[in-house]
Amino acid sequence: MKKWELLSKKSTTSTTDIIKILLENRGIKTKVEEKEFLSPTHPDKLKTSDFGINPKELKKAITRIEKAKKTGEKVIVWGDYDADGICGAAILWEALYYSGVNALPFIPERRTEGYGLNIARMKQLKKEDPRVGLIITVDNGIVAHEKVDTAKELGLDVIITDHHLPRETKPKAYAILHTTAISGAGVAYLLAREFTNLVTNYFNDWLGLVALATVADMVPLIGPARSLVFHGIPSLRTTVRPGIVALCEIARIPQETISTYEIGFLLAPRLNAAGRLEHALESLRLLCTKSITKARERAFQLNETNSARQQMVVESVFRAREQVLKSDGGLPAQAGLIFVAHESYHEGIVGLVASRLVEEFGRPAIVVSKGDEFSRGSARSVSGFNIVELLDRAREFLIEGGGHAMAAGFTVRTQHLELLSQAFKNHADGNLTDEHLTPKIRIECEIPLSVVTLALAQEVAKFVPFGIGNPEPVFATRKVLVRDARLVGSENKHLKLQLTANGLQTTAINAIGFGMGNLYSKLSPDAPIDTAYTVVIDTWNGDRRIQLKLKDIKFGNL
């Protein structure tokens, strides 16, 4: 049973007051903050320090890049294999290359080279071309202490651009551009705009890639990150970049309607697919090509790879569920941390499998791809339980690891897997509470059905883009009557209702509950229900009307 977490206990029948409550729930207290939230300042009008970047470190980085440009020194843009790292690498490489810097983009191969800087690869790059003298990381590097030290020994300077959580000390890099307020691509964008003299069109196009990366990496859409996405999505909708055009075509997305949903569920998974199963350089080539023909070929291949990835996830989730139920005696809800490992789990999809386990069981989940010598795992958490702290408590068993509070990854020697599992579970047993493990629905406030109007939906729409840190508002209305109910969709999985506040209300409001078909038999026209829902505008044949998207239903006194 889901717990309804009421963010505000204020009661109101006014649309104006409801909007005030939404702003308060997001920590917005002043008129100035309200104006900035609803109409964010364009990123180009913000200083890099507004994003949390140290100006002195930025100046050092610019000076070093200018030196490389003058001497013809080769610069390696060292990205990452997810959508954030790919977009950031594309931005920074283009900025360097078209500014006259001898630059080469590089993304490690996930299975053989792992995450971030790789010592063997750095040695190889230096050996193949002695002109290589500078590495600029994108979306990685903030915990790569030993690798940065090795790079210096090889005669390589390292500029780190990253947004992941640091340790107590930072690597001894030439310069560090770091903030947790935005995505890795966002940090790369800020560096790119400071040294390049390219025309404005490049900046606008890059801003679209930053928006894509920010949403894909689930960065909280508040503060400067909101500004980047708010102004970046319009750029994404209008860009003529062949890679984005082709990606929208293959995903069957009208480019002009791209929103955070299309990014998170349709575009980003395809960009991520290559890095999960093959090599992320294919996604980078897609974004950087000038040829629409090549872009379509690469988008088609990514689509095929993504389909294969989806099937692998289904099979691995099935096996992982069996492991969870077996290890927990068939009662997973009574246990704490989930930890499963198997040779069949492809390391490129363990994060997706972990996410599915969290969704189903409401518990932090760690899924490990077990190898002969090394194993690689991915962790996903629940609200309030910092998964990076879990990694820190078992650092003695890890070769490397890091991430965010809700998602992280690591590498461990296979012989240490049992010790690692026990260390994780010991920490979780002492820190995971019932509060962490109880599924919750965060509800903005309770409102009467009479206030759910087109005017309210239009005001709520001003809060877009929705995402982490600024979720789509969920409201609750109690003692609602069901005028009509029917099952819809394939296999009657969905529930379509007409709701009224009382039997005398002439106009009913349509509501849809996706995946709620199993509740149909519990409904009765004489039995009021409590509903939690979002409010959307449904347009059909030119008519605009309100529709509720149900998040939960409670019966009687439940």
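Bear in mind that the values here come from a model prediction, so they are computed numbers and not experimental data.

Asks: Got a minute to help me understand the overall build of the chain in this structure?
Replies: A count of helical and extended segments in the chain gives 19 helices and 18 strands. In the chain, buried positions account for 53% of the 558 residues. Here the chain displays about 25,900 Å² of accessible surface, and carbon together with sulfur accounts for 51% of that area. Measuring between centres, the 71 positive side-chain charges of the chain sit 2 Å from its 64 negative side-chain charges.

Asks: Help me understand the pairing of strand β4 (residues 132-137) in this model?
Replies: In summary, the side chains of a regular strand alternate between the two faces of the sheet. Most of β4 sits out of view: six of its six residues are buried. For strand β2 (residues 74-78) and β4, the ladder comprises five bridges, and the chain directions are parallel. When the bridges of β4 are listed, Trp78 appears paired with Thr137. Bridge analysis of β4 against strand β5 (residues 157-162) gives three bridges, and the strand direction is parallel. Paired with Ile135 across the bridge in β5 is Val158. Traced from β4 through helix α7 (residues 145-153) to β5, the parallel crossover comes out right-handed.

Asks: Explain the side chain of Thr137 to me, please; I cannot follow it from the model alone.
Replies: If you trace the backbone, Thr137 turns up in strand β4. At a separation of 2.7 Å, a polar atom in the side chain of Thr137 contacts the main-chain carbonyl oxygen of Asn140. Ignoring sequence-local partners within four residues, the contact set of Thr137 consists of Trp78, Leu117, Val158, Ile159, Ile160 and Thr161.

Asks: Is there a simple way to explain helix α13 (residues 281-288) in this structure?
Replies: Helical periodicity: at 3.6 residues per turn, an α-helix aligns residues three or four positions apart in one direction. Burial runs high along α13: six of the eight residues are buried. Listed as buried for α13 are Leu281, Ser283, Leu284, Leu286, Leu287 and Cys288.

Asks: What's the story with the packing of helix α3 (residues 55-71) against helix α8 (residues 184-195) in this structure? I'm lost.
Replies: Here α3 crosses α8 at 60 degrees, and the two axes come no closer than 10 Å. Of the possible angle classes, the one that applies to α3 and α8 is oblique. Note that α3 runs across α8; the crossing there is right-handed. The segment α3 lies against α8, with Leu58, Ala61, Ile62 and Ile65 engaging Leu191, Glu194 and Phe195. Residues of the contact of α3 with α8, tallied by class, amount to six nonpolar, no polar and one charged.

Asks: I tried to follow the packing of helix α4 (residues 83-97) against α13 on my own but got confused; where do I start?
Replies: When two helices pack together, you describe them by how their axes are tilted relative to each other and by the distance separating the axes. With their axes 9 Å apart at the nearest point, α4 and α13 run at an angle of 50 degrees to one another. Between α4 and α13, the interaxial angle falls into the category oblique. In this structure, α4 meets α13 at a crossing whose hand is right-handed. Seen from α4, the contacting residues are Ile86, Cys87, Ala89, Ala90, Trp93 and Glu94; seen from α13, they are Ser283, Leu284, Leu287 and Cys288. Residue classes in the contact of α4 with α13 are distributed as eight nonpolar, one polar and one charged.

Asks: Hey, could you run me through the pattern of salt bridges in this one?
Replies: Pairing between side chains of opposite charge can happen when the charged atoms of each approach one another. Under the criterion given, the structure shown has 29 salt bridges. A salt bridge links Glu491 to Lys493, with the nearest nitrogen and oxygen atoms 3.9 Å apart. Owing to a relative accessible area of 69%, Glu491 belongs among the exposed residues under this scheme. Note on Lys493: relative accessible area 44%, which makes it partly exposed. Here the salt bridges share partners, and the residues they tie into one network are Lys3, Glu435 and Lys440.

Asks: Teacher, can you tell me more about the pairing of strand β10 (residues 398-403) here?
Replies: Inspection of the sheet shows β10 paired to strand β11 (residues 407-413) by five bridges, in the antiparallel sense. The residue bridging Glu400 from the neighbouring strand is Thr411, located in β11. Joining the antiparallel neighbours β10 and β11 is a turn of three residues.

Asks: Just checking my understanding: could you explain the sheet that holds β4 for this structure?
Replies: Adjacent strands of a sheet form backbone hydrogen bonds with each other and so pair up, either parallel or antiparallel. The strand order across the open sheet formed by five strands is β3-β2-β4-β5-β6, and the pairing between neighbours is parallel. In the strand order of this sheet, the two ends are held by β3 (103-106) and β6 (175-178), each with one partner. Direction aside, neighbouring strands of the sheet carry axes that sit 15 degrees apart on average. Pairing of β2 with β3, which is carried by four bridges, proceeds in the parallel orientation. What sits directly across from Ile76, in β3, is Leu104.

Asks: Could you clarify how one ought to interpret the packing of aromatic side chains in this entry?
Replies: Between two aromatic rings, the relevant description is the distance of the centres plus the angle of the planes. What the rule picks out here adds up to nine aromatic pairs. Here the basic side chain of Arg64 rests over the ring of Tyr174, its NZ or CZ set 5.9 Å away from the ring centre. Over the ring of Phe37 we find Arg226, and its NZ or CZ is 3.9 Å from the ring centre.

Asks: What is the right way to read the sheet that holds strand β8 (residues 365-369) from this model?
Replies: Reading across from one edge, β7-β8-β9-β11-β10 is the order of the five strands in this open sheet, with mixed pairing throughout. At either end of the open sheet lies a strand with only one pairing partner, and these are β7 (338-342) and β10. Adjacent strand axes in the sheet meet at a mean angle of 15 degrees, parallel and antiparallel pairs treated alike. With seven bridges connecting them, strand β9 (residues 374-380) and β11 associate as antiparallel partners. Paired with Ser375 across the two strands is Val412, which belongs to β11.

Asks: So what exactly am I meant to see when it comes to unusual backbone geometry here?
Replies: Going from Val464 to Pro465, the amide bond is cis rather than trans, its omega being 5 degrees. On the secondary structure map, Pro465 appears in the loop between α19 (454-460) and β14 (475-488). One non-glycine residue, Arg252, adopts positive backbone phi at about 60 degrees. In the Ramachandran plot, Asn492 falls in the positive-phi region, its phi being about 55 degrees despite a non-glycine side chain.

Rules behind the numbers
- Residues numbered from 1 in each chain as written.
- Predicted model: local features only at pLDDT ≥ 70, side-chain atom pairs only at ≥ 80, totals over all residues.
- Heavy atoms only, no water.
- Helix = DSSP H or I, 4+ residues; strand = E, 2+ residues; numbered from the N terminus.
- Buried < 20%, exposed > 50% of the residue type's maximum accessible area, 1.4 Å probe, protein only.
- Areas by Shrake-Rupley, 256 points an atom, 1.4 Å probe, with all protein chains shown as cover.
- Lys, Arg positive; Asp, Glu negative; His and termini not counted.
- Charge placed at Lys NZ, Arg CZ, Asp CG, Glu CD.
- Pairing = 2+ DSSP bridges.
- Right-handed = clockwise from strand over helix to strand, strands pointing away.
- Polar contact = N/O pair within 3.5 Å; in protein donor to acceptor, adjacent residues only side chain to side chain.
- Contact = heavy atoms within 4.5 Å.
- Axes fitted to C-alpha atoms, helices over the stretch in contact; angles between N-to-C directions.
- Parallel < 35°, antiparallel > 145°, perpendicular 65-115°, else oblique.
- Left-handed = near helix turned anticlockwise from the far one by under 90°.
- Nonpolar A, V, L, I, M, F, W, Y, C, P; charged D, E, K, R; others polar.
- Salt bridge = Lys/Arg side-chain N within 4 Å of Asp/Glu carboxyl O.
- Phe/Tyr/Trp six-rings, centres within 6.5 Å; stacked < 30°, edge-to-face > 60°.
- Lys NZ or Arg CZ within 6 Å of the ring centre and 35° of its normal.

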